Amino acid sequence: MSGAVPAPDVRHDPSVAEPGRLGQNEGLVGLAADHWPRVDDGLQIRGGGAVAVDTATLSEAAVRFDTVRDQLAEIDERLCTLQNRLGVVPEHGADARASAAVLATRLEAARVEADAIARALREAAYAYLMVELQAAHRAAVLAGDAEGAARIDARVSALVDAHPDAWRMALGAEFGRAVMWPSELVRQSTQWGVAAGGEFGDPAAIALGAGAGLLTLGGAAVAGVAAAGRLSRDARLSGTAGPVTVTRVAPAAPGSVGAAVAPVGAGVAGVALGVGVSEAAARAAGGFAGDPATVRRAASVAPATLAAVAERMPGSGDSRVRVERYTMADGSRQYAVYIAGMQSQGAGGKEPWDNASNVELYAGRKSDSYAATEAALAAAGVQPGDAVHVFGFSQGAMIGSHLALEGAYDTRTLVSFGSPVEADVGPGTLSVSVRHTDDPVVALAGGGHPQAVGAPGSFIAEYVSDPGVELDDAQLPAHRLAAYAETAALVDASRDPRVDGLRDVFGELARAETVEVTEYAATRG
C-alpha cells in the first residue's frame, strides 16, 4: 500500500542494543556512565604530571599581551589627538569625528580585553607553578630532604598570599587530575557491567554496572595511594634472580646473526659467542659478504619512527630481547635494546616473561626476566657506562625503567608502551611514555608522578584505544601491542614539537657507520 508506514529497520536503530553492546536506556547506572567525565578521545601529548602546559610559555604569552595592550593604548592616544584636531573644523570633520569615536571605543574594549587575557595567563602560570612546587615539595619530603621541603614550602606560602586566585586554580588542577586520570576506565567498566548484567535483567544490569564502576574507581584510588607504580629516582630492585639461560636466535629483521648459547647464573654476565650468516642474508641486511655480523647501512636498521620501534618489539617468536649496536663515525658506540612484554600467564615455569616476573618487578624485586635482559645485554657486548636507548612494552617497560634507574648504563632514552609503572629517570634520560587511558595495566601506575619526569622534551602520549564497550573487553584489547603500534603512528604524525626530540634520537642512530643486531631467547634454569 502506498500510504503504509514502513516498519523500522532495527538493524540500524540506535535505540536497539546489539548483542553484547549497550543500548541508550539502561537506567540510572547507564545514565551515570554516559555522563561520567571523559578525557578527550583524541591523541593527547603532554609534558607529564598534573601540569599539561609550559608555565614559561604562559608567562611569555602574558608579556606579549601586555605589549599589545600598551600598543593599543598608544594608538588610542594618537586617535584622541586626531579627534581634537578635527574639532577645529566642525563643518568638514563631523563624519570623521564620529568614525574616530567609534574606533576609540573599540580600541578601548580591545585594550581592556588584552589586559584581562594577560592577567589570566599570568595567574594560570602562577597556578601551574604552584602545582609544580607542590609536587617538588612531596618529592623532597619522601626523599627526607627537610631543608629543601622547607624552602619550597616558604615559596609556595608567599605565592599563595600574593595570588590567592591562582592557588584556588592550582588546587582545582590537582583535584581534577586526581579524579580524571581513571575516568575512561570507570566509564567503560560501568557500561561493561551494565551490558553483562543486562543479559539477566535490569536489576542485574544496575547491580553489576554499579559494582564494576565502583570496583574500578576503588582500585584506581588504591593504586594512586599505594604509589607502587610510581618509581622514585632512587628506586632499586632487591633480591636475586636466576639462574637463567639466554640463547642467541636469528633476528626477525635484517642484520641477522647466528645462533649461540650462553648459560648465565643470577647476576653473572653472559658471553657473546661466534656469529655467522649466509652471504645472501648479509646482502639483504645491507652489509658485505665476509663481514656478516655488520650492517653497513644504519638507516636500513635504525628505527625511523615510534611505530617502527613498536613493530620490532620482540615476543612473537622465541626472541625476548633485541640488541642493536651502533658504531658511530668517531668510533664510539651506542646501543638500542627492545624488551618484550609478558609471554605466559603462568608463574614459575620455563618462561621468565610470566606473571611471576610481573609481580616481582611491580613489588620492587629482581625478576628472572630482568636477569635475562641483563645477561642478554652483556652477551651483546654492552658494558657498564655505555650509551643505551631502551624500548619496552608492558613487562618489558618495567624492566627498561629499572635498567634506567639502576644506573649501570648511560640510559639516554626510555620509551615505554603500556607500562604499569612510571619511573622518575632524572634529567639525563629522554622519557617517552605511550599510554592508553582505557588500559587497566597502565592504571597500575596510579596516574603517574604528579610532576614531569625525564630530560627536557620528555612527554606522555595518551589515547583512548578502544572506546566501545563489548563483553570481550575482559581480554584487554587496549593493552595489545598492535593497538600501541597504531597509537605510535599517531604520535609520529603529530606536529607537536616535543616529538622532535625523539626524532633526533632516531636521526642520530641512523648516522652510525655500522650496526650489529642480536636477539635472545631466555629460559629459567
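Whatever comes next refers back to the structure up there.
So, helix α7 (residues 202-226)
Move 1: Under the 1.5 Å per step criterion, the end-to-end length of α7 is 36 Å for 25 residues, consistent within 8% with the ideal 36 Å.
Move 2: Taken together, the buried positions of α7 are Ala 205, Gly 209, Ala 212, Gly 213, Ala 220, Ala 223 and Gly 224.
Move 3: Ala 227 sits one or two residues past α7 and shows a positive phi near 60°.

Brief notes about the pairing of strand β10 (residues 430-436)
Move 1: Across the seven residues that make up β10, a large majority, seven, are buried.
Move 2: In the sheet, strand β8 (residues 410-417) pairs with β10 via five bridges, with the strands oriented parallel. Within the sheet, the bridge partner assigned to Leu 414 lies in β10 and is Ser 431.
Move 3: Note: β10 against strand β11 (residues 459-463), five bridges, orientation parallel. Looking at the pairing, Val 434 lines up with Ala 461 of β11.

Quick look at the side chain of Asp 424
Move 1: Along the chain, Asp 424 falls in the loop between β9 (422-423) and β10.
Move 2: Judged by relative accessible area, which is 9%, Asp 424 ranks as buried.

What to know about the pattern of salt bridges
Move 1: Scanning the entire structure with this criterion turns up 23 salt bridges.
Move 2: Between Arg 233 and Asp 424 there is a salt bridge, and its shortest N-O distance comes to 3.1 Å. Placement of Arg 233 in the loop between β2 (230-231) and β3 (244-249) and of Asp 424 in the loop between β9 and β10 is noted, with a sequence separation of 191 residues between them.
Move 3: The class of Arg 233 is partly exposed, set by a relative accessible area of 47%.
Move 4: As a salt-bridge pair, Glu 324 and Arg 312 come within 2.8 Å of each other at their nearest N and O atoms. On the criterion of sequence distance, the pair formed by Glu 324 in strand β5 (residues 321-327) and Arg 312 in the loop between α9 (306-311) and β5 is long-range, its members being 12 residues apart.
Move 5: Here Glu 324 falls in the buried class, since its relative accessible area comes to 0%.

Focus on the side chain of Asp 438
Move 1: Within the element layout of this structure, Asp 438 appears in the loop between β10 and α13 (440-443).
Move 2: Buried and unpaired, Asp 438 has Arg 187 as its nearest opposite-charge partner, separated by 7.0 Å.
Move 3: Polar contacts involving the side chain of Asp 438 include one to the main-chain amide nitrogen of Ser 465, which spans 3.1 Å.

Structural notes on the environment of Asp 424
Move 1: For the pair formed by Asp 424 and Ala 404, sequence separation is 20 residues and the distance between their alpha carbons is 9.4 Å.
Move 2: Those residues within four positions of Asp 424 in sequence are excluded, and the remaining contacts are Leu 231, Ser 232, Arg 233, Leu 405, His 449, Gln 451 and Val 453.
Move 3: Among the polar contacts listed, one links the side chain of Asp 424 to the side chain of Arg 233, at a separation of 3.1 Å.

As for the packing of helix α10 (residues 355-362) against helix α12 (residues 395-406)
Move 1: Orientation of α10 relative to α12, taken along the N-to-C sense of each, is 40°, at an axis distance of 10 Å. Relative to α12, the crossing made by α10 is left-handed. Contact with α10, carried on its side by Ser 357, Asn 358, Leu 361 and Tyr 362, involves Gln 395, Met 398, Ile 399 and His 402 of α12 and no other residues of that element.

What to know about the packing of helix α11 (residues 368-379) against α12
Move 1: α12 packs onto α11 with a crossing angle of 65° between their chain directions and a minimal axis gap of 10 Å. When the axes of α11 and α12 are compared, the crossing they make is right-handed. Packed against α11, whose contacting residues are Ser 369, Tyr 370, Thr 373, Glu 374 and Leu 377, the element α12 presents Gln 395, Ile 399, His 402, Leu 403 and Glu 406 at the interface.
Move 2: Its residues assigned to classes, the contact of α11 with α12 comprises four nonpolar, four polar and two charged.

Focus: the nonpolar core
Move 1: One finds Val 323, Val 337 and Trp 353 to be the most contacted residues of the largest nonpolar core, which totals 37 residues.
Move 2: Put simply, the parts of the chain that give this core at least two residues each are β3, β5, β6 (333-339), α11, β7 (387-393), α12 and β12 (514-524).
Move 3: A total of seven residues in this core trace back to one element, the largest contributor, which is α11.
Move 4: Excluding anything up to four places from it in sequence, Val 323 contacts Tyr 335, Ala 336, Val 337, Ala 376, Leu 377, Ala 380, Val 382, Glu 516, Val 517, Thr 518 and Tyr 520.
Move 5: The next biggest cluster of nonpolar side chains, apart from the first, holds 34 residues, and it includes Ala 302, Ala 336, Val 499 and Leu 502.

The rules behind the values
- Residues numbered from 1 in each chain as written.
- Predicted model: local features only at pLDDT ≥ 70, side-chain atom pairs only at ≥ 80, totals over all residues.
- Heavy atoms only, no water.
- Helix = DSSP H or I, 4+ residues; strand = E, 2+ residues; numbered from the N terminus.
- Expected span 1.5 Å × (residues − 1).
- Buried < 20%, exposed > 50% of the residue type's maximum accessible area, 1.4 Å probe, protein only.
- Pairing = 2+ DSSP bridges.
- Salt bridge = Lys/Arg side-chain N within 4 Å of Asp/Glu carboxyl O.
- Lys, Arg positive; Asp, Glu negative; His and termini not counted.
- Polar contact = N/O pair within 3.5 Å; in protein donor to acceptor, adjacent residues only side chain to side chain.
- Contact = heavy atoms within 4.5 Å.
- Axes fitted to C-alpha atoms, helices over the stretch in contact; angles between N-to-C directions.
- Left-handed = near helix turned anticlockwise from the far one by under 90°.
- Nonpolar A, V, L, I, M, F, W, Y, C, P; charged D, E, K, R; others polar.
- Core = buried A, V, L, I, M, F, W, Y, C linked by side-chain atoms within 4.5 Å.

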